[in-house]
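# Summary of the model geometry
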Amino acid sequence: MQDVTQGNNVQVKPEAAAKHPGSELRDVLSGLGKTPRQIAKEAGLSPIYVNQLIIGKASMVADAAVRLGAFTDTEPQRWMDLQVKYDIAMASEKFLDDLSTFPEDDHSGDVGPPFKCITEMTSEKAREFLLEPASYCSIHLPEYFQFGPMLSGVISAIAGQKLETRGAVQHEQVNHRLATNKDGRYAWRPLDLLHPALYVSLVNEVTQPDHWSTITAKFAEFARIPYVQCLSLPVQSLTDDSDKAAQIRQWHTAVEQKSIELSLDFDYLFQADIIDCYASIYSHSIAWALHGKDEAKTRRSDMDLVGNVIDRKIQHMRQGQTNGIPQGSAVMDFIAEMVLGYADAELVQRCADDEISEYQILRYRDDYRIFVNSPPDGEVILKRLAEVLAELGLQLNPAKTGFSSEVVRSSIKADRLAWIFRKQRSRGLQNTLLMIHDHGMEYPNSGQFEAALSAFHKRLHNRNNYPNPMPLIAMAVDIAVRNPRTYPRVAAILGELIKFLHGDWEKLDVIDRSQRRFAKIPNGGHMDVWLQRISYPYDQSVQFVEPLCKLVVDETTALWNNDWLDAGDVRASIEHSSLISKDILREMEPTIDPAELELFKFGY
C-alpha cells in the first residue's frame, strides 16, 4: 500500500492486510479437528472468550497465548506477534481516518453503531466533546438553562495557558452542589455543577495529546482483558438523538440483549452493584489505574503522571478531599471508568489465580452481570470482586446482590418485565396513573417507571380538558415525593394537569400546595428547579430556595466561589455571563412539550 501524505507533512505507511490471531486459530483448530468449545475446555479458557477471539471481537492476551500454545503445538509468541501486527494495522487505519480531509461528522455511509466512543476520538475531538454543554452538565434542567455562552467565554479566556488552580483548595463551595433526594426521605445524591474554570482546566489536562495517548493506551489495555466487557464509556451520538440517548441505547443492545444471548452459554446470572460509587472513589486510585499502583505510589508527587494531575485537579475543587469525585459531568463519568477498568483487570487476575475460567462479566459503570455455569464459581468471583473494590474504597450493595438460574428472565430488569405485563390493563387516565403509581411503589426510581410516566405525559399533552384533575395531581405529586428521579417527568405531568384547572388563582393554589408538600423532603433543590418551570408562566414571584431558581428571576446569586481566581478574563467570563436564555424564557409555554424532555428524536 502506498504512502499517504497529508498537508501537515505527516506520513504513514499502513501495514498490509493484517491477520487477526483468531483467524489463524480457526485454521489451526480446523486442522486439528477440534471445536472452539473443546479447545477452551482443554486450555482452561472461557468458551465465550475463545468464540469472540475467533470472530475477531476479542484480543489475544499473554495468558491465552500460553494456554492455546500448549494445546495447539504453537509458540505463544506467534499468537502475540499476530495480535501486535493486527493492532498496529488497526491503529494505522484509524490514524489515517483521523487525518482524512473528509469531515469527521459525515456519517452518510456508516453502518456501524450510531455513536462514537470517547476512546476512539483524537485528543482534539475528545476535548471538543467534553467541552460541549451537555457533557459539562448531565443534570436534567429546563431548556432555558444554557451553559454554552459561559463555557465559550471561559475556554477563550484560558486558551493558550495553564490555569493555576491550587488556590481553589482553600475555599469552600467552589462547585455548585444541586442536592437531589434519592428515596423521598433522608437519602440524597449530590450532583455538582463544577466550577467552569476548573472543569475546562481539567478537560484541557485530560486531552493534552501526551496525556490522552497514555489514557487511551490504558483503555485499550482494559479492552483486551478477557472475561469482562465494559459497556459504559461516554459516547457521542452520531444521529439527532442526544448523547445520553445513545448511552441508553448502548445499555439496551450491549447489556440487556447481550445478557439474553449469553443464556446460550451460561446457566446462572449473578448481579451486583456498588454503593455510592462516585462518592466513594479514592482519588489517588486514578493514578493507580493509569500507571500501576507501585509506580503511582513511588512517584506520587510527579506531575508528569497524568493520573496525579487528575487527582490534584479533583482535590482542588473539593478542598483537598481524596474520598469521592463529583458527579454530574461526562469527564467525571470517564474518570470513574478509569478506576473501574483497573478493578476489572485486578478481578480477572485473581480469578485466574483461583483457576476460574468459565465466566463472562458485563459491566455497565458500577453494575455487574456475572455469568457462570457453577454457583460456587459465581460466589468466588463475587468475593474477589468485593476484595478488589474494598482496596479502592468501594463496596458492593448487599441489597442488590443476588443470583438466578433463570438467565433470560433475569437479563431483563424486573421493573421492565413487570411493566410489560402490567400495562395490558385499563386505559383510563386515572386507572393508568394508579397503575403507574403502584408500579413505582414496587420498583421505585426505575427506568421503566420513568418511561411509563413519559408515555403518560405525551397522552396528557394531546388533551384539551379533563373534568376533575385534582386526584391525578395528588397522585402525581406523591409519585415525585417517593421517586425523586422522576422530578422532570412529574413536573411535566403536573403542568399538563394544571392547565385543566379554571383561573390562574386555582392553578397557583395547586402549585403552592405542591410546593409545601415537597418542602417536607430534605435536599429538594432539583425539584425546586422543575416546580419553577411550571409556575413561572403564571407567577414569576413564587419563591424558591435553590440558587439556580434565583438566576431565573434575576436575583443576584453566585453559583460558584470565584474568590480563588485573580481578577481577569477568566473570572470576568464567569461573572458576566448569563446562564439563562431570556428568549427561551420569554417564549415558554405553561406546559412542557414532550420534545423538551425527549431523549430520542425518532423513538426507541
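Below is a short write-up of the structure. (Residues numbered from 1 in each chain as written. Predicted model: local features only at pLDDT ≥ 70, side-chain atom pairs only at ≥ 80, totals over all residues. Heavy atoms only, no water.)

Let us now look at the overall build of the chain. When helices and strands are counted, the chain shows 29 helices and eleven strands. Based on the C-alpha atoms only, the size of the chain along its principal axes is roughly 85 × 60 × 45 Å. Looking at the chain as a whole, 51% of its 604 residues qualify as buried. Across the chain, every contact between residues at least 6 apart in sequence was considered, and the portion connecting residues at least 24 apart equals 74%. Side-chain charges in the chain split into 64 positive and 83 negative, and the spacing between the mean points of these groups amounts to 5 Å. (Helix = DSSP H or I, 4+ residues; strand = E, 2+ residues; numbered from the N terminus. Buried < 20%, exposed > 50% of the residue type's maximum accessible area, 1.4 Å probe, protein only. Contact = heavy atoms within 4.5 Å. Lys, Arg positive; Asp, Glu negative; His and termini not counted. Charge placed at Lys NZ, Arg CZ, Asp CG, Glu CD.)

Along strand β9 (residues 359-364), six of the six residues are buried, which leaves the element largely enclosed by surrounding structure. Where burial is concerned, the two faces of β9 agree: the one with Y359, I361 and R363 and the one with Q360, L362 and Y364 are both buried. Examined bridge by bridge, strand β6 (residues 228-230) and β9 share three bridges and lie parallel to one another. Counted as the bridge partner of Q229 is L362 from β9. In this structure, β9 lies alongside strand β10 (residues 367-372), joined through six bridges in antiparallel fashion. (Pairing = 2+ DSSP bridges.)

For I420, the position within the fold is in helix α19 (residues 414-422). C-alpha separation for the pair I420 and Q448, spaced 28 residues apart in sequence, amounts to 9.4 Å.

Right, let's talk about the nonpolar core for a bit. Within the largest apolar cluster, 165 residues are counted, with the highest numbers of intra-cluster contacts made by Y136, F147, I310, M332, I335 and M338. Look past the residues within four positions of M332 in its chain and what remains in contact with it is L194, L202, Y278, I314, M317, I325 and P326. Ranked by size, the runner-up nonpolar core spans twelve residues in total, among them W251, V255, L262 and L269. (Core = buried A, V, L, I, M, F, W, Y, C linked by side-chain atoms within 4.5 Å.)

Time to look at the state of the cysteines. The final tally for this structure, using the stated rule, is zero disulfides. You can see C137 has no disulfide; the closest cysteine sulfur is in C549, sitting 14 Å from it. Not part of a disulfide, C230 finds its nearest cysteine sulfur in C117, a span of 8.0 Å. For C230, a relative accessible area of 31% translates into the label partly exposed. (Disulfide = S-S within 2.5 Å.)

If you trace the five strands from one edge of the open sheet to the other, you get β6-β9-β10-β8-β11, paired in mixed fashion. Every interior strand has two partners, whereas the edge strands, β6 and β11 (402-404), have only one. When strand polarity is set aside, the average angle formed by the axes of neighbouring strands in this sheet is 20°. The sheet contact formed by strand β8 (residues 268-273) and β11 spans three bridges and is antiparallel. Counterpart to F270 in the pairing with β11 is F403. In the packing of helix α11 (residues 243-261) onto the sheet, contacts are made with β6, β9 and β10, and the angle to β9 comes to roughly 160°. (Axes fitted to C-alpha atoms, helices over the stretch in contact; angles between N-to-C directions.)

Right, let's talk about the environment of S237 for a bit. Topologically, S237 is positioned in strand β7 (residues 235-237). Discounting chain neighbours no more than four positions away, the residues touching S237 are P114, F115, S242, D243 and A246.

Okay, empty space enclosed by the protein next. A probe as big as a water molecule, rolled over the atoms, marks out the empty space that is left. As enumerated under the stated definition, the model contains one cavity of 30 Å³ or more in all. If you add up the space inside the largest cavity, you get close to 50 Å³. Looking at the largest cavity, the residues that line it are Q532, V542, Q543, F544, C549, K550, V553 and E555. (1 Å grid on protein atoms, 1.4 Å probe; cavity = no way out; pocket = protein on both sides within 12 Å on 5 of 7 lines; lining within 4 Å. Points joined across faces, edges and corners; volume = space filled by probe spheres on them.)

Attention now moves to unusual backbone geometry. Unlike most non-glycine residues, Y227 shows phi in positive territory, near 80°. The topology assignment puts Y227 in the loop between α10 (209-223) and β6. You will see that Q319, though not glycine, has its phi angle at about 50°, which is positive. If you trace the backbone, Q319 turns up in the loop between α15 (306-316) and α16 (330-353). Q319 sits in the partly exposed class, given a relative accessible area of 41%.

Okay, the pairing of β8 next. With six bridges joining them, β8 and β10 adopt antiparallel strand pairing. Residue pairing for β10: A272 is matched across the bridge by Y368.

Quick look at the pattern of salt bridges now. Pairs can form between side chains of opposite charge whenever their charged atoms are close. Applying the stated criterion to the full structure yields 35 salt bridges. The partner of E261 in a salt bridge is K258, with the nearest N and O atoms 3.3 Å apart. Of the two residues, E261 and K258 both sit in helix α11, three residues apart, roughly one turn of that helix. Residue classification places E261 among the partly exposed positions, given a relative accessible area of 42%. The buried category is assigned to K258, whose relative accessible area is 14%. Across the pair R384 and D354 runs a salt bridge, and its minimum N-O distance is 2.6 Å. Taken together, the residues span a long stretch of sequence, with R384 in helix α17 (residues 375-390) and D354 in the loop between α16 and β9 at a distance of 30 residues. By relative accessible area, which is 18% here, R384 ends up buried. Salt bridges sharing partners connect three or more residues here, namely K19, E24, D27 and R78. (Salt bridge = Lys/Arg side-chain N within 4 Å of Asp/Glu carboxyl O.)

Function-wise, these values are silent; they only describe arrangement.
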